[in-house]
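If you want the building blocks of each chain, they are given just below.
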Amino acid sequence: MLCMVSINSLCHADTISLRADEWYPVNGDPQSEYRGYMIDIATKIWESHGHDVDYQIMPWERAIEETRTGEVNCIVGAYIEDAPDFVFPTAALGMDESHFFILSKSDWKFHGIKSLKQVRLGVIGGYAYDNGPLDDYIEKYENSSRVQIMKGNNALEQNIKKLISGRIDSIVESPMVMKAKLKQMGLHLDIQNAGTIGEPTPLYIACSPRNPNSKTYVEQLSAGIEELRMNGGLRKILNHYDMDDWVTSIVINNRK
């Protein structure tokens, strides 16, 4: 009875498997001190409920597939459009948008979907970018030279190398992820931002539709993120990655 009333979450504690391709600072090297801010948030919340967290990286499409079948519990850094059939928390764990990146010596700029016909675009397999005209364009030209799809754990790094070598002309990517990767590769002066498409989009940890515990997992995340925001725990985690709270950033931007 004591177990049922006082520490019910501990009685049903288990190991929650998290998977995604590396997308730092959202999620990074599982063996690093900087595993990613979303991994740190999830671990903090779920461990408070007695769960263990098993985080590993794998190609994004495989992560979605194995989570959809129930082999994996949850994916990290997902848009709703990535897997609309998954179980999502009510509270986002970040905000993001899609930007285009080109070589610093290039003068191409993104001016709508028609301007993409001037470039060879590098994307990552399985990603949803805008749930609109860009995703439609990628689907239409994915088997042509206009859109080149990269897969694997280090897909972004491979796309950057293709851009540097002239095999593609532009990459579409999250600005916070691109900034971190370029800094890591020492290429922050070689590549520039060429514009954005769409509005900021919420990011989530999304859980398997086949797992009966998924609803509990995401409820714990939603309540936990608000508690961390209130007690200063979220600020501590984000400071570790030199990041701002996405909710605060939205408020500031809306006031400009």
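Attention here is on the structure that accompanies the text. All figures in this text were calculated on a predicted structure; none of them were measured in a lab. (Residues numbered from 1 in each chain as written. Predicted model: local features only at pLDDT ≥ 70, side-chain atom pairs only at ≥ 80, totals over all residues. Heavy atoms only, no water.)

Another aspect to go through is the overall build of the protein. On a plain count of helices and strands, the protein comes out with 10 helices and 9 strands. Its C-alpha atoms give the protein a radius of gyration of 19 Å, near enough to 18 Å, the size a compact globule of 256 residues would have. Seen through its principal axes, the protein has C-alpha atoms that stretch 70 × 40 × 35 Å. The buried share of the protein, reckoned over its 256 residues, is 48%. Of the contacts formed within the protein by residues at least 6 apart in sequence, a portion of 75% connects residues at least 24 apart. With the model as given, the accessible surface of the protein reaches about 12,900 Å², and the carbon-plus-sulfur share is 50%. (Helix = DSSP H or I, 4+ residues; strand = E, 2+ residues; numbered from the N terminus. Rg over C-alpha atoms; globule rule 2.2 N^0.38 Å. Buried < 20%, exposed > 50% of the residue type's maximum accessible area, 1.4 Å probe, protein only. Contact = heavy atoms within 4.5 Å. Areas by Shrake-Rupley, 256 points an atom, 1.4 Å probe, with all protein chains shown as cover.)

Glancing now at unusual backbone geometry. Of note, the amide linkage connecting tyrosine 24 to proline 25 takes the cis form, showing an omega dihedral of 10 degrees. The phi dihedral of asparagine 131 is positive, around 50 degrees, even though this residue is not glycine. Its location among the elements puts asparagine 131 in the loop between strand E5 (121–124) and helix H5 (133–141). When its relative accessible area of 54% is taken as the criterion, asparagine 131 is described as exposed. Despite not being glycine, aspartate 242 has its phi angle at roughly 55 degrees, a positive value. In this structure, aspartate 242 sits in the loop between helix H9 (233–240) and helix H10 (246–255).

A word on the state of the cysteines. Overall, the coordinates contain 1 disulfide when judged by the stated rule. With its sulfur 2.2 Å from that of its partner, cysteine 74 forms a disulfide with cysteine 207. What sets the handedness of the cysteine 74 and cysteine 207 disulfide is the S-S torsion sign, and at about 95 degrees it is right-handed. In this pair, cysteine 74 is assigned in strand E3 (residues 74–78) and cysteine 207 in strand E9 (residues 204–207), connecting sequence segments 133 residues apart. Accessibility classification places cysteine 74 together with cysteine 207 in one group, the buried group. (Disulfide = S-S within 2.5 Å.)

What follows covers the sheet that holds strand E6 (residues 147–150). Read from one edge to the other, the open sheet built from 5 strands follows the order E6-E5-E7-E4-E8, with strand pairing classed as mixed. The open sheet has two edge strands with one neighbour each: E6 and strand E8 (191–202). Neighbour to neighbour, the strand axes of the sheet diverge by 25 degrees on average, direction disregarded. Bridge count for strand E4 (residues 95–103) against strand E7 (residues 170–173) is 3 bridges, and the pairing is antiparallel. (Pairing = 2+ DSSP bridges. Axes fitted to C-alpha atoms, helices over the stretch in contact; angles between N-to-C directions.)

Mapped onto the fold, aspartate 135 is located in helix H5. Looking at aspartate 135, its side chain comes within polar contact range of the main-chain nitrogen of tyrosine 129, at 2.8 Å. (Polar contact = N/O pair within 3.5 Å; in protein donor to acceptor, adjacent residues only side chain to side chain.)

Inspection of the entire model under this criterion finds 3 cavities of 30 Å³ or more. Volume-wise, the largest cavity comes out at about 120 Å³. If you go around the largest cavity, you meet 16 residues; those closest to its centre are Trp23, Gly77, Tyr79, Tyr127 and Ala128. Contributions of two or more residues to the lining of the largest cavity are made by E3 and E4. With 3 residues, the single largest contributor to the lining of the largest cavity is E4. When grouped by side-chain class, the residues that make up the lining of the largest cavity number 7 nonpolar, 4 polar and 5 charged. (1 Å grid on protein atoms, 1.4 Å probe; cavity = no way out; pocket = protein on both sides within 12 Å on 5 of 7 lines; lining within 4 Å. Points joined across faces, edges and corners; volume = space filled by probe spheres on them. Nonpolar A, V, L, I, M, F, W, Y, C, P; charged D, E, K, R; others polar.)

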